[in-house]
Amino acid sequence: MIVVLSKNVTSHDKELIRIYLRDRGYTVRDQQLGDDEVIGAAGKGVVDLRELGLLPGVERVAATSKPYELVSRETKTGDTIVSIGGGNVKIGGSRITVIAGPCAVESREQIRETAETVRESGAVLLRGGAYKPRTSPYAFQGLGMKGLEYMKEAGEACGMPIVTEVVSPELAVDMKDLTDMFQIGARNMQNFELLKKVGALGKPVLLKRGPSATIEEWLLSAEYLLAAGTKDVVLCERGIRTFETYTRNTLDISAIPVVKALSHLPVIVDPSHAVGIRAKVAPAALAAIAAGADGLTLEVHPRPDDALSDGPQSLYPEQFEKLMRDIEALAPVVGKELLRTPRPNSGGTISAVFSETPAREHRRKTPEPLQSQVVAYNGESGAFAEQALMRVFGEEAPRIQVQSFRGIFDAVLEGSAAAGMVPVENSLAGSIHENYDLFLRYPDIAIAGEVKLRIVHCLIADQRADMDSIAIVRSHPQGFAQCRNFLDKHPSWVLEACNDTAGAVASIAREGAVKVAAIAGAAAAEVHGLKVLKEGIETNPLNYTRFLVIRRRNAENTGTFVCTGPVPERPTKASLVFSVPDKPGSLFACLKIMADQGINLSKLESRPIQGKPWEYQFYVDVTIPEKDGAFSRAMEDLKGHTEDFHFLGAYRGSL
Ligand code: PEP
Ligand code: MN
């Protein structure tokens, strides 16, 4: 049993809680559960849970039916998000985190070269063994401390935190300052003295599943780590031993959803050691992501055929690059996004075109940390826009809710928010024209980023409601449009439009009505304590909404923002609005300018110009070619061929 203490608990309160528990036959221990202080109680005592919950300093009491407590979802319902390397890299939540590197550190050059290539493809954490637990005593045992120093050097040079295996309690202490995350290998999963020692060091730990360990044994090993003091543990499925010998181990895909339901800890997968055959690594990796894994750890070697260990399962850099692209494409299907290192900021001359600030100088500026930026969105808690902003700015991002799309622009303009999240287009229902038009009405606002979110709609109602009790359905008009086919099957339902989908859910929660349902995302049902009557009611599962991040244009950079992430990135996309002279071929001339410079048009839409009946403006999204100067030349040229030219922003496009 876990007693979660309130934030303002006094030491006197704590002592009284301990005495209360001891008097009733429990042994007690002080522990940490995520950011909460807790008192763990073990034994066969008898206690009145309600009475315990009312003691001063008690936030809540979490009893679990499982032998593990701190790792259980029964004691902590929200996903744990593990921070590595001072918070630069996170594992868990709505992101997919990829760790890559060689099986073993073989030389200073080899680890540096591997770090550079995996980083280039988007890996965010560097792996590599300095101490290798090998089945044969005659096999390469690793370079030891020297290897770890090479790896730290490579990680620092490439801006990647490192994760490496620790094989003994004594070494853990020596390695502490050289590594960002400890790995406990499969063979050591039940080395309890090692678990206690490593857990007490307080660093993040990657805990691999033993080749013959049950899920319960694995979770109990994680419990050792948390009980010893660390709060950052990531579980890693790496294949178990079965009767099948074709692959090195058998990847237990089903362990992923099982463990994610049993525990709040992130779960990643190591397909390299699971299958042991290079050609099978990528399919197994994609299957793991599809099954809900929070990330992967992959062996990559610049020359696998020369590798000193695990060459046959190590990916060639090109294979890793391809796999990263596939993961990026798959991620939105499971409602996640690949956390990747920003691509190099080459050819970033766009800002120079629109301001006097030289591109190089612009790059040197350190952007404000994302966490400190307030983001505005339209709607209530649980809205899709809130999920979109958490994707870009993190789960803990401070945010404000406004009651209209216009309110987002006002909040950013007035400075009550540093950024805003604006939906502009849905793959089923089309453009949200109101928001397109707002860009022209707010010339001091620019587009700074883009995110595409898969939208799964649910029919949500009061706990007592069922399909037959429903007579009224509330949602945003976009929600109705995206669920047209489902609604057509229920012609008697009265549709009531609301400001946002989550707001529709909130209104039902307030009123407690059983005849009203809402169309919104499952997150809104959870936030407002309602139930999902039917999930996945959108007309087509390929339902995505595109959101734009907006910011205030700053004075020295009159048009562009090149960064939504922690490090400035080369923008890949830009949005423009222009009108053309009323004469034959004028739009064609504009399109030709872009075609001549190799600029790809990803969207072209016309909108009526307010106050000028039958005249139109063109909203254009383009991809920015890598070729130096091509984009700037085209923009300059366009200005000369258009009547009214607005550069809405250059940003990093999302898949
Ligand atoms: C490793 O990741 O380097 C390794 C040895 O893996 P495992 O402990 O899963 O065999
Ligand atoms: Mn290996």
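Use the structure listed above.
The sections below set out a description of the structure shown in this document. (Residues numbered from 1 in each chain as written. Chains lettered and ligands numbered in written order. Predicted model: local features only at pLDDT ≥ 70, side-chain atom pairs only at ≥ 80, totals over all residues. Heavy atoms only, no water.)

### Some points on the overall build of the protein
Using the following cut-off: Only runs of H or I of at least four residues qualify as helices and only runs of E of at least two qualify as strands under DSSP, and these elements are numbered from the N terminus. Computation of the radius of gyration draws on C-alpha atoms, with the globule rule given as 2.2 Å multiplied by the number of residues to the power 0.38. The classification of residues rests on relative accessible area computed with a 1.4 Å probe and restricted to protein chains. Under 20% of the type maximum is buried, over 50% is exposed, and intermediate values are partly exposed. The criterion used for residue contact is that any of the two residues' heavy atoms lie within 4.5 Å. Calculation of accessible area relied on Shrake-Rupley with a 1.4 Å probe; when residues are assessed, cover is drawn exclusively from the protein chains displayed.
In terms of helices and strands, the protein carries 22 helices and 30 strands. A globule of 655 residues ought to have a C-alpha radius of gyration of about 26 Å, and the protein, at 27 Å, matches this closely. Within the protein, the fraction of its 655 residues that count as buried is 55%. Across the protein, the fraction of contacts at a sequence separation of at least 24, relative to all contacts at a separation of at least 6, is 72%. Just so you have it, the protein exposes about 27,200 Å², and 52% of that area is on carbon and sulfur atoms.

### Description of the coordination of the manganese ion (ligand 2)
Operational definition: Distances up to 2.8 Å from the metal define which N, O and S atoms are donors, and 3.2 Å serves for Na, K and Ca; water is absent from the atom set, so sites may look incomplete.
In this structure, C103 (SG), H273 (NE2), E299 (OE) and D310 (OD) serve as the protein donors to the manganese ion (ligand 2), at separations of 2.0 to 2.4 Å. Binding-site remark: the manganese ion (ligand 2) is held by donors from one chain whose sequence spacing is C-x169-H-x25-E-x10-D. Residue C103 is located in the loop between β7 (95-101) and α3 (108-120), and its partner E299 is located in strand β14 (residues 295-299); the two are separated by 196 residues in the primary sequence. For C103, a relative accessible area of 3% gives the class buried.

### Description of unusual backbone geometry
Peptide bonds are mostly trans, and most non-glycine residues show a negative phi. Unlike most non-glycine residues, D310 shows phi in positive territory, near 55°. Note that D310 resides in the loop between β14 and α11 (317-330). For D310, a relative accessible area of 17% gives the class buried. A positive phi is found at W614, a non-glycine position, where the angle reads about 70°. Of note, W614 is situated in strand β29 (residues 612-623).

### Some thoughts on the packing of helix α15 (residues 405-414) against helix α16 (residues 433-441)
For clarity, the cut-off: Between N-to-C directions, angles span 0 to 180 degrees; the directions come from axes that are lines fitted to C-alpha atoms, helices contributing only their stretch in contact. Every angle not falling under 35 degrees, over 145, or within 65 to 115 is termed oblique; those three ranges are roughly parallel, roughly antiparallel and roughly perpendicular. Here a crossing is taken to be left-handed if its near helix is turned anticlockwise relative to the far helix by less than a right angle, and right-handed if that turn runs clockwise. Three residue categories are used. Nonpolar comprises Ala, Val, Leu, Ile, Met, Phe, Trp, Tyr, Cys and Pro, charged comprises Asp, Glu, Lys and Arg, and polar comprises the others, including Gly.
For the pair α15 and α16, interaxial distance at closest approach is 10 Å and the crossing angle is 30°. Here α15 lies roughly parallel to α16, going by the angle between them. The chirality of how α15 crosses α16 is right-handed. The segment α15 lies against α16, with F405, R406 and F409 engaging E434, N435, L438, F439 and R441. Residue composition of the contact of α15 with α16, grouped by class: four nonpolar, one polar and three charged.

### Topic: the site of ligand 1
For the record, the criterion: Consider each residue's heavy atoms; a residue with any of them within 4 Å of a molecule or strand counts as near. Polar contacts, as counted here, are pairs of nitrogen or oxygen atoms within 3.5 Å of one another; within protein the pair requires one atom able to donate a hydrogen and one able to accept it, and residues that are adjacent in sequence qualify only if both atoms are side-chain atoms.
If you check the shell around ligand 1, you find R127, K132, E165, Q183, G185, A186, R187, K208, R238 and H273 and nothing else. The side chain of R127 places a nitrogen or oxygen atom 2.8 Å from an oxygen atom of ligand 1. Within the contact set of ligand 1, an oxygen atom lies 2.8 Å away from a backbone nitrogen or oxygen of A186. Coverage of ligand 1 by the protein chains reaches 97% of its 290 Å² of free accessible surface. Residue classes in the shell around ligand 1 are distributed as one nonpolar, three polar and six charged.

### A closer look at the pattern of salt bridges
Applied cut-off: Between Lys or Arg on one side and Asp or Glu on the other, a salt bridge is scored when a side-chain nitrogen of the former is within 4 Å of a carboxyl oxygen of the latter.
According to the stated counting rule, one finds 41 salt bridges in the structure shown. Across the pair K66 and E74 runs a salt bridge whose closest N-O atoms are separated by 3.4 Å. Its relative accessible area of 37% is what places E74 among the partly exposed residues. Note that E149 is salt-bridged to K146, the shortest N-O span being 3.2 Å. Placement of both E149 and K146 in helix α4 (residues 145-158) is noted, with a separation of three residues, approximately one turn of the helix. Connected through salt bridges with shared partners, the residues E425, E450, R546, K573, K603, E605 and D621 form a single ionic network.

### Looking at the side chain of K14
Residue position: K14 is located in helix α1 (residues 11-23). A distance of 2.7 Å separates a polar atom in the side chain of K14 from a polar atom in the side chain of E37. Beyond its immediate stretch of four places on either side in the chain, K14 contacts L5, V9, E37 and I39.

### Examining the environment of L178
Relative to the elements of secondary structure, L178 occurs in the loop between α5 (169-175) and β10 (181-184). A residue is classified by how much of its surface remains accessible, and L178, at 19% relative accessible area, is buried. When the C-alpha positions of L178 and L148 are compared, they lie 7.0 Å apart, and in sequence the two are 30 residues distant. Each residue touching L178, except ones within four places of it in the same chain, is listed here: M145, L148, E149, K152 and I162.

### With respect to the pairing of strand β2 (residues 27-33)
Selection rule: Each pair of strands is called paired provided DSSP finds at least two bridges between the two strands.
Of the strand pairs in this sheet, β2 and strand β3 (residues 36-42) are connected by seven bridges, and their pairing is antiparallel. Across the sheet, the residue bridging to T27 is A42, located in β3. The turn linking β2 back onto β3 is made up of two residues, and G34 within it adopts a positive phi angle of 60°.

### Let's talk about the side chain of D294
Assignment of secondary structure puts D294 in the loop between α10 (278-290) and β14. Residue class for D294 comes out buried when judged on its relative accessible area of 0%. Looking at D294, its side chain comes within polar contact range of the side chain of K260, at 2.6 Å. For D294, the side chain forms a polar contact with the side chain of K336, separated by 3.4 Å. Here D294 is in contact with I91, G92, G93, R95, I96, T97, K260, P266, V267, I268 and K336, once residues within four sequence places are set aside.

### Some details on the sheet that holds strand β4 (residues 58-62)
Taken in spatial order, the four strands line up as β2-β3-β1-β4 in an open sheet, and their pairing is antiparallel. The sheet is open, and its two edges are formed by β2 and β4, each paired on a single side. Each adjacent strand pair in this sheet contributes to an overall mean axis angle of 25°, direction not counted. Of the strand pairs in this sheet, strand β1 (residues 2-5) and β4 are connected by four bridges, and their pairing is antiparallel. Looking at β4, one finds that V3 is bridged to V61.

### A look at the nonpolar core
In a soluble, globular protein the nonpolar side chains are often hidden away together inside. Test applied: Nonpolar cores were defined as sets of buried Ala, Val, Leu, Ile, Met, Phe, Trp, Tyr and Cys residues, with membership established by side-chain atoms within 4.5 Å. Domain delimitation in this document rests on an assignment produced automatically or drawn from a domain database.
Counting residues in hydrophobic clusters, the biggest one holds 75 residues, and the most contacted among them are L126, V198, L207, L235, F320 and I327. No other element matches helix α7 (residues 215-228), which puts six residues into this core. Counting contributing residues, this core receives three or more from each of domain 1 (2-62) and domain 2 (82-127 + 159-338). Beyond its immediate stretch of four places on either side in the chain, I327 contacts I96, V98, L286, I289, L296 and L338. Core analysis: the second largest hydrophobic core is formed by 32 residues, A518, A520, A524 and A525 among them.

### Description of the sheet that holds strand β30 (residues 644-651)
Strands sit in the order β28-β29-β27-β30 across an open sheet of four strands; the sheet is antiparallel. The open sheet has two free edges, formed respectively by β28 (600-609) and β30, since each of these has just one partner strand. Neighbour to neighbour, the strand axes of the sheet diverge by 15° on average, direction disregarded. Across seven bridges, strand β27 (residues 573-579) lies against β30 in antiparallel orientation. Bridge pairing in β30 links A574 to A650. Where α16 meets the sheet, it contacts β27, β28, β29 and β30, and its direction lies at approximately 90° from that of β29.

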